[in-house]
Amino acid sequence: MNRIISGIMAAALILGVGSAANGAANGDNTTARLERVLAATPLIDGHNDLPWELRSRSKGRLSSIDLAFDTSQIPPPAGEVALMTDIPRLKAGHVGGQFWSVWIPATTRGFEAVQVTMEQIDLVKRLVALYPADLEMAYTAADIRRIHHAHRVASLIGIEGGHQINNSLAVLRQMYDLGARYMTLTHALTTDWADSATDAPKYHGLTPFGVEVIHEMNRIGMLVDLSHVSADTMRMALQESAAPVIYSHSSARALVDHPRNVPDDVLRLVGAKGGVVMVNFASGYDSDEVRHWDADRAAENARNNTPPFDGLYIGQPDQAKAALDAWEASHPQPRATLAQVADHAEHIRMIAGIDHVGLGSDFDGISNTPIGLEAVDKFPALLRELMRRGWSDADIAKIAGENVLRVMSEAEKVAARLRTVRAASEAVIETVGSQH
């Protein structure tokens, strides 16, 4: 009799454990569940623009902004917003891995682009060295796991724009040696070898040199990042890459028809290729209402102040500003919501698969954040929302970091194989060609 009762109790216990691992429908405490998941899996954010904010606000003098304290209490410069990142809030957000973007303006080109990028890489390394108890540089998937287990934030470097290598594969290789582990093929403007999502198409994808860039990134182990590129560039890169690709900060185009987002046909290709799309928190990419408001405001600004002759208030900056202020007063700026960001995560999961979705906040690179996702301490709120929608603990581990770790590991394996069969590329854009 005791054995029967014991067997029933054991079965009930097993069922209870299974239920706890299978979503929030049973009413379990999502906070406790999330604590368990993030203790085992590092939460990895694909994109944070703090390095440029530090450069622009303090000219790179890190001693002028103490990230050991809550930076939201520091009054921002005129026209700016408070910083979204600091060490206390990284800890509160359970961030275990952070790709720091070494973005530079898309208009900065040539040798200057290389220098400014190197200065930004130096800034990231100085930042990490300044807080050794909390941050540590990472270069591999294994590094991220080790650093997470040591309760520090694994800090990685991502280049946000192919213009930053100045059309040089030698520079690309040196950027990798300096620590860059992904490169976004373009930023807001088309490069000499790849079309941007937000510029007029020039090549309808990649040029032959652009294909060579992809192949060399595969060989050295640098992740190909397709955020910011046109849909045609996405498709060509997915076809040419021997390793899985990432989108460090992009959302779903089926939900918000912004060219920065990923179309469904491409999401299917990403799934087939084994890549990951890291959902962006930029409001204009997550909310169609915000996207339209942004466009309407830009139109109103152009209407008032389009040089040289067509604006209503050309040469009258005070009147132009007053007119735009009046328009904004009568057209309040909408906000995206945490729920809408969760919608994008669910859509990417539905089309590409659960193994192909991640998190790419764009914090400190955006001025209008979704309600509920205002800074780096808010990541758990998004994951708890997904739990309430029925995502299992295993699902949450994948979007939090396991998917990105898998992609990094696979890219490392591809690079190890390619290096045994192919030497460093000696291609130059002048001889490979700029048209396909």
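Residues numbered from 1 in each chain as written. Predicted model: local features only at pLDDT ≥ 70, side-chain atom pairs only at ≥ 80, totals over all residues. Heavy atoms only, no water.

Structural notes on the packing of helix α12 (residues 288-305) against helix α13 (residues 317-330)
It is at 9 Å that the axes of α12 and α13 come closest, and there the two elements cross at 155°. Here α13 runs roughly antiparallel to α12, going by the angle between their axes. As α12 packs across α13, the resulting crossing turns out to be right-handed. Along its contact with α12, which presents Trp293, Asp296, Arg297, Glu300, Asn301, Asn304 and Asn305, the element α13 presents Ala320, Ala323, Leu324, Trp327 and Glu328. Looking at the contact of α12 with α13 residue by residue, the class counts come to five nonpolar, three polar and four charged. (Axes fitted to C-alpha atoms, helices over the stretch in contact; angles between N-to-C directions. Helix = DSSP H or I, 4+ residues; strand = E, 2+ residues; numbered from the N terminus. Parallel < 35°, antiparallel > 145°, perpendicular 65-115°, else oblique. Left-handed = near helix turned anticlockwise from the far one by under 90°. Contact = heavy atoms within 4.5 Å. Nonpolar A, V, L, I, M, F, W, Y, C, P; charged D, E, K, R; others polar.)

A few points about α13
Under the 1.5 Å per step criterion, the end-to-end length of α13 is 20 Å for 14 residues, consistent within 8% with the ideal 20 Å. Every buried residue of α13 is listed here: Ala320, Ala323, Leu324 and Trp327. Looking straight down α13, one finds that the buried residues subtend no more than 95° of arc, so they occupy a single side. Of the residues in α13, the exposed ones pointing more than 90 degrees away from the buried face are Asp318, Lys321 and Ala329. Close packing links the buried residues of α13 with α12. (Expected span 1.5 Å × (residues − 1). Buried < 20%, exposed > 50% of the residue type's maximum accessible area, 1.4 Å probe, protein only. Arc of directions from axis to C-beta.)

Brief notes about the pattern of salt bridges
Following the criterion strictly, the structure yields 29 salt bridges and no others. One salt bridge connects Arg173 with Glu216, and the closest N-O pair in it is separated by 2.8 Å. With Arg173 in helix α7 (residues 169-177) and Glu216 in helix α8 (residues 208-220), this residue pair connects regions lying 43 residues apart in the sequence. Here Arg173 matches Glu216 in class, with each residue buried. One salt bridge in this structure joins Lys378 and Asp377, with 3.9 Å as the shortest N-O distance. By relative accessible area, which is 22% here, Asp377 ends up partly exposed. (Salt bridge = Lys/Arg side-chain N within 4 Å of Asp/Glu carboxyl O.)

Spatial relationships are all this shows, so hold off on functional conclusions.
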